[in-house]
Each structure stands twice: as C-alpha cells, then as structure tokens.
Amino acid sequence: MIDKMTKMIDVFNQNPWVIFLCFCITILGLILAIAFFYASRKKKDFRYSYNSNQLIKDFTQQIDGLNISYKSESIESLTVTKYVFWNKGNETINYSDFPSTSKLKIKIKKDFKILDSNIIFTKNDINNVKCELINNEEVLLMFDYLDKGEGFVVQLIHTSPNNKDLYVDGTIKGIGDISKRIIHFEPTYIRFLDKRLSKTGNDRRKAQIALKVMGWLTIFLGIVFLIYSVMVLIKGNMKSVDIIMSFICSILYFIIGIPFVRSSVPIYFKNFYERIR
C-alpha cells in the first residue's frame, strides 16, 4: 500500500501539468480567500465623480452688441456639470451621518455663480434625494439614506468656464472629508480612449462599457502570459531571460488592464454619461 502511494506521488511529481494544476488551485484559493474576507467586512465608502459640457464661452466679448442671458440674468459663459454620488460600500449611509456643521454641498468659487440645480436621476426614489440652491453660491444635497450601490445624479448650470471652480464639501462620520473621495480616470491613455470612443457617435455610457471590455481582455492576456511563463518554467526548455521577459509582459498587461476595470462610476447611472447636445 505504501509502495503504491509512493509511486502515485512520484507520478504526480514528474507530471508538469499536475504541478501546474496544483499551483493554479493554490493561487485561486488564496485569491478567493482574500476576496471573501474583504467582501464580508462592513465598510462605509461614499464616492462621487463629475463631467462637464461648456455650452457658451465668452461669446459676448468676441461679438460686439451680443447679449446672452439665462433666466433674465446676463452671462458670458455657461457650463453644465453633472455630479454623481453613490454608496460604494456595503454599509448604509444615512443623512444623519453628516454633522450639522459639515453637510454635503457643492460650492463654486467667487466671481462665478450657480444658476440652477436639479436632481436628474436617483437609483431608488425611496432615498428621497433633494437639492437646494443657496444664494447662487452652493447647492445643499439631502437624502434620507443610501444603501449599497444606491446614489443620484445632480445637474448644475453655472457661469464658470470649466469645472475647476466647483468643489464638493462635507464630512461623513467614519469616513471623514469626502472632497477626496472622487473617482475618475487617472491614466492618460484611458482619458484619451474615453474621448475618442465618445466622439465616434457613442454616448459616454457605451464608451465606458467598451473600456471595461478592453480592460478584461487585457487582463486575460496577462493571465495567458502568466500561465505560459509558469509552464515554461516547469518544463525548463527556455532561457532565463525569455522567462523573465514573459513574466514582465504579464505584469504589464495587468498594470494596463486593471485601471480600465476599476473605472468605477456604475454604468446604471445613465444620465451621468449622456451628453448635453
């Protein structure tokens, strides 16, 4: 009996596919254990993002005698900015989580005005999301609660020529200052692809789907290179330099692909992605 067990172990040790399979199962088990651990943790995570479309830019200075007004108020520039806010964590966020001295607001810098504000989309109407424009300087945002994945889109019309003059203010108990909780595409190559895809006739929501598909394909190529590298390493029929280069290619694919997948404004906030035409 012991001899048979020994022979079976020897057969397993001599078969590179068995070794590779055990390696994959071990790595997969480790990944799943880490994923389940983080998924089971209670976590508050409030996020936001924004995009802008400038409709009017200093036309009154370029053309003598031209006067443009919005609701009877004379303007030189007009920009529409959409903000999306949502609960990315798995713990409910209540409006009472904002201290009375630091409520959720969108503010604009001096010399500019917020002319109008509207809630244009809510994931769940029960959240009772509202907004209030105060002195054309700030917008107070209110809701009863936000469960996991729930959120809303607010649209602002303002006189700033860009979105750099707008900023989010507020504090949540257990999270802190939310002005730094912004999500956007950091890598230049993703911003470039996002703009190119949006200009080909697709709205930005479709562009986001395309970017995510690109990300998963890139990650898949990284996995293929990783598997190939491990197989070659086990067989030992390739030079060390080639194996190292294969591992480097795998890592590069992961580095490039993961930011695509993590571009994380939920796609169901469709009003956020629609452009003003």
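A brief structural summary. (Residues numbered from 1 in each chain as written. Predicted model: local features only at pLDDT ≥ 70, side-chain atom pairs only at ≥ 80, totals over all residues. Heavy atoms only, no water.)

1. Things to note about the overall build of the protein
Secondary structure summary: the protein contains seven helices and 14 strands in total. Expressed as a percentage of its 277 residues, the buried residues of the protein come to 36%. Summarising the internal contacts of the protein: among those between residues at least 6 apart in sequence, 72% fall at separations of at least 24. (Helix = DSSP H or I, 4+ residues; strand = E, 2+ residues; numbered from the N terminus. Buried < 20%, exposed > 50% of the residue type's maximum accessible area, 1.4 Å probe, protein only. Contact = heavy atoms within 4.5 Å.)

2. Quick word on the sheet that holds strand β12 (residues 166-169)
Spatially, β8-β9-β6-β12 is the arrangement adopted by the four strands of the open sheet, whose pairing is antiparallel. Edge positions in the sheet fall to β8 (130-134) and β12, since each has one partner strand and no second. Each neighbouring strand pair of the sheet contributes to a mean axis angle of 20°, computed without reference to strand direction. Bridge count for strand β6 (residues 105-108) against β12 is four bridges, and the pairing is antiparallel. Counterpart to K105 in the pairing with β12 is D169. (Pairing = 2+ DSSP bridges. Axes fitted to C-alpha atoms, helices over the stretch in contact; angles between N-to-C directions.)

3. What about the side chain of E138?
Counting through the fold element by element, E138 comes out in strand β9 (residues 138-142). Polar contacts involving the side chain of E138 include one to the side chain of K105, which spans 3.1 Å. Contacts of E138, omitting those with residues within four sequence positions, involve K105, I106, K107, I114, E132 and L133. (Polar contact = N/O pair within 3.5 Å; in protein donor to acceptor, adjacent residues only side chain to side chain.)

4. Points about the nonpolar core
Core analysis: the biggest nonpolar cluster contains 25 residues, and F46, Y83, F85, L104, I106 and F143 have the highest contact counts within it. Looking at this core, the elements that each hand over two or more residues are β1 (46-57), β4 (77-87), β6, β9, β11 (151-158) and β12. Contacts of F85, omitting those with residues within four sequence positions, involve F46, R47, Y48, L104, I106, L141, E150, G151, F152, V154, V168 and F269. Formed by eight residues, the second largest nonpolar core is a distinct cluster that contains I68, I75, L78 and I157. (Core = buried A, V, L, I, M, F, W, Y, C linked by side-chain atoms within 4.5 Å.)

5. Looking at the pattern of salt bridges
Scanning the entire structure with this criterion turns up four salt bridges. For D45, the salt bridge identified is with R47, shortest N-O distance 2.8 Å. Taken as a pair, D45 and R47 share a single burial class, namely buried. Where D169 meets K107, a salt bridge forms, and the shortest distance between an N and an O atom there is 3.2 Å. With D169 in strand β12 and K107 in strand β6, the pair connects residues that are 62 residues apart, well separated along the chain. On the basis of relative accessibility, which here comes to 27%, the residue D169 falls in the partly exposed class. (Salt bridge = Lys/Arg side-chain N within 4 Å of Asp/Glu carboxyl O.)

Scope: geometric values only; no functional claims are made or implied.
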